[in-house]
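Here are the chains, one letter per residue:
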Amino acid sequence: MKDTVVMRVARPTDRLDEVVRFYVDALGFEELSSFEGHDGFDGVILGHHGSPYHLEFTRWKGHGAGSAPSEENLLVFYLPDAEQWQAAVDSMLAKGYHPVPSHNPYWDRNGRTFVDPDGYRVVLQNASWSL
């Protein structure tokens, strides 16, 4: 059996509970794992069972993480099915998150950009992507 490559994007946050709510409640991620007191770090790993990517958010006790360094720090999710895309946008709106104009107008043509509690931007793109 060939091993599957899994990508994990990990970043610190000062707002662990708020960030988890944003990705779980509004974007539909699942909490795959969590940990506390691991060498001074607490964290939550989010994703979708069987998907080849995860998001890991950590909090280091006694140290500040700050916020997004720019408006171009993006997570882009390509949702080619119009109904699936609209459901994702509607979920964000229902949870009180409103789209913002993208710094790069390209993302506004077929997508909506939202800001997580740390100021990082998440683009829901109604398009497919391929190599």
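Side note on the overall build of the protein chain
Within the protein chain, the regular secondary structure consists of three helices and seven strands. Going from N to C terminus, the protein chain has its helices and strands arranged as β-α-β-β-β-β-α-α-β-β. Taking 14 Å as the expected radius of gyration for a compact globule of 131 residues, we find that the protein chain reaches 15 Å, a close match to that expectation. With respect to the three principal axes, the spread of C-alpha positions in the protein chain is 45 × 40 × 25 Å. For the protein chain, contacts bridging at least 24 residues in sequence account for 55% of all contacts bridging at least 6. Carbon and sulfur atoms make up 51% of the accessible area of the protein chain, which totals about 8,000 Å².

Quick word on helix H2 (residues 82–94)
Taking 1.5 Å as the rise per residue, H2 with 13 residues should run 18 Å; its terminal C-alpha atoms sit 18 Å apart, in good agreement. For H2, the full list of buried residues reads Trp85, Ala88, Val89 and Met92. The buried residues of H2 occupy one face: seen down the axis, they fall within an arc of 95°. Every exposed residue of H2 that faces more than 90 degrees away from the buried side is listed here: Glu83 and Ala94. Contacts from the buried residues of H2 go to helix H1 (16–26), strand S6 (111–115) and strand S7 (121–125).

A few points about the environment of valine 123
Along the chain, valine 123 falls in strand S7. For valine 123, a relative accessible area of 0% gives the class buried. Taking C-alpha positions, valine 123 is 8.9 Å from aspartate 108, a pair spaced 15 residues apart along the chain. Excluding residues within four positions of it along the chain, valine 123 makes contact with Leu74, Leu75, Val76, Phe77, Trp107, Arg112 and Thr113.

Re the pattern of salt bridges
Enumeration according to the criterion identifies seven salt bridges in this entry. The partner of arginine 11 in a salt bridge is aspartate 118, with the nearest N and O atoms 2.8 Å apart. A residue pair is termed long-range when its members are at least 10 positions apart, and arginine 11 in strand S1 (residues 7–12) and aspartate 118 in the loop between S6 and S7 qualify at 107 residues. Of the residues examined, arginine 11 reaches a relative accessible area of 12% and is grouped as buried.

Regarding the nonpolar core
Ranked by size, the top nonpolar core spans 21 residues in total, and within it Tyr23, Leu27 and Leu124 carry the most contacts. Going through the elements one at a time, H1, strand S3 (41–47), strand S4 (53–60), H2 and S7 are the ones with two or more residues in this core. Here this core gets six residues from one element, more than from any other, and that element is H1.

Some remarks on the layout of surface pockets
The computed volume of the largest pocket comes to approximately 200 Å³. In terms of lining, the largest pocket is formed by Leu27, Phe29, His48, Tyr53, Phe77, Leu79, Gln84, Ala87, Ala88, Ser91 and Leu124. Take the lining of the largest pocket: its biggest share by element is four residues, from H2. Looking at side-chain class alone, the lining of the largest pocket contains eight nonpolar, three polar and no charged residues. The calculated volume of the second largest pocket comes to roughly 150 Å³. Taken together, 13 residues line the second largest pocket, and the ones lying closest to its centre are Val9, Arg11, Leu74, Leu75 and Tyr120. Contributions of two or more residues to the lining of the second largest pocket are made by S1, S4 and strand S5 (74–78). Across the lining of the second largest pocket, the residue classes break down as eight nonpolar, one polar and four charged.

Thresholds applied
Residues numbered from 1 in each chain as written. Predicted model: local features only at pLDDT ≥ 70, side-chain atom pairs only at ≥ 80, totals over all residues. Heavy atoms only, no water. Helix = DSSP H or I, 4+ residues; strand = E, 2+ residues; numbered from the N terminus. Rg over C-alpha atoms; globule rule 2.2 N^0.38 Å. Contact = heavy atoms within 4.5 Å. Areas by Shrake-Rupley, 256 points an atom, 1.4 Å probe, with all protein chains shown as cover. Expected span 1.5 Å × (residues − 1). Buried < 20%, exposed > 50% of the residue type's maximum accessible area, 1.4 Å probe, protein only. Arc of directions from axis to C-beta. Salt bridge = Lys/Arg side-chain N within 4 Å of Asp/Glu carboxyl O. Core = buried A, V, L, I, M, F, W, Y, C linked by side-chain atoms within 4.5 Å. 1 Å grid on protein atoms, 1.4 Å probe; cavity = no way out; pocket = protein on both sides within 12 Å on 5 of 7 lines; lining within 4 Å. Points joined across faces, edges and corners; volume = space filled by probe spheres on them. Nonpolar A, V, L, I, M, F, W, Y, C, P; charged D, E, K, R; others polar.

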